[in-house]
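What the coordinates show
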Amino acid sequence: MRPTNPVDTFQLHQDIQRQLPIGSTVQAVQLWLKKRKIEHSYIDGRKYDLNQESVVTSNGYSSKNLGGIIVAIIRYTKKSLATEWDTQMVFFFSKPGKLVGFSVERIGTGF
């Protein structure tokens, strides 16, 4: 049985809005995630063609025409009878490297 790391996704969304306003830099977001020991990866649109496969979240943000994205995950945030839940954050950046939007979602894996 895996340990759970409870996360209130609504509160997390509000914390991000308050602490990482639109226009924040890639470095500011990475530092915020690192301080909280949240796993994350940066995909630089200058090195990888983000237009090749467009990633669209339920909030409507798309990787198309962006300068980069950070995908972050907090594992084992909730557990139900047949599903383990993680909390995933995706941060979207303009070509100059400024935050233009983000999403916070629970993703589940059945077992």
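Source: prediction; values computed, not measured.

**Examining the pairing of strand 3 (residues 83–93)**
Within strand 3, nine of the 11 residues are buried, which leaves it mostly tucked inside the rest of the structure. In this structure, strand 2 (residues 68–79) lies alongside strand 3, joined through nine bridges in antiparallel fashion. Within strand 3, the residue paired with A72 across the bridge is M89. Pairing of strand 3 with strand 4 (residues 99–110), which is carried by 11 bridges, proceeds in the antiparallel orientation. What sits directly across from V90, in strand 4, is S103. Between strand 3 and strand 4, which pair antiparallel and follow one another directly, the connecting turn spans five residues, one of which, G97, has a positive phi of 90°.

**Things to note about the packing of aromatic side chains**
One pass over the full model with this rule turns up two aromatic pairs. Aromatic pair Y42 and F93: ring centres 6.3 Å apart, planes at 80°, arrangement edge-to-face. Here Y42, found in strand 1 (residues 39–44), pairs with F93, found in strand 3; they are 51 residues apart in sequence, far enough to count as distant. For F93, a relative accessible area of 0% translates into the label buried.

**Description of unusual backbone geometry**
Non-glycine residue K37 carries a positive phi angle of around 55°. Take K37: it is sitting in the loop between helix 2 (26–35) and strand 1. Residue classification places K37 among the exposed residues on the basis of a relative accessible area of 77%. Phi is positive for Y76, which is not a glycine, with a value near 55°. Relative to the assigned elements, Y76 resides in strand 2.

**Considerations on the pattern of salt bridges**
The tally for this structure, following the rule as stated, stands at three salt bridges. Here E39 ties to R75 by a salt bridge, and the two come within 3.1 Å at their closest N and O atoms. Note that E39 is positioned in strand 1 and R75 in strand 2, a separation of 36 residues in sequence. With a relative accessible area of 43%, E39 lands in the partly exposed category. Note that D86 and R75 form a salt bridge whose closest N and O atoms lie 3.9 Å from each other. In this pair, D86 is assigned in strand 3 and R75 in strand 2, connecting sequence segments 11 residues apart. Residue classification places D86 among the buried positions, given a relative accessible area of 11%. Overall, R75 belongs to the partly exposed group, its relative accessible area being 37%. By sharing partners, the salt bridges in this structure join E39, R75 and D86 into a single network.

Reading the values: rules and limits
Residues numbered from 1 in each chain as written. Predicted model: local features only at pLDDT ≥ 70, side-chain atom pairs only at ≥ 80, totals over all residues. Heavy atoms only, no water. Buried < 20%, exposed > 50% of the residue type's maximum accessible area, 1.4 Å probe, protein only. Helix = DSSP H or I, 4+ residues; strand = E, 2+ residues; numbered from the N terminus. Pairing = 2+ DSSP bridges. Phe/Tyr/Trp six-rings, centres within 6.5 Å; stacked < 30°, edge-to-face > 60°. Salt bridge = Lys/Arg side-chain N within 4 Å of Asp/Glu carboxyl O.

Fair warning: the whole summary comes from geometry, so function is off the table for now.
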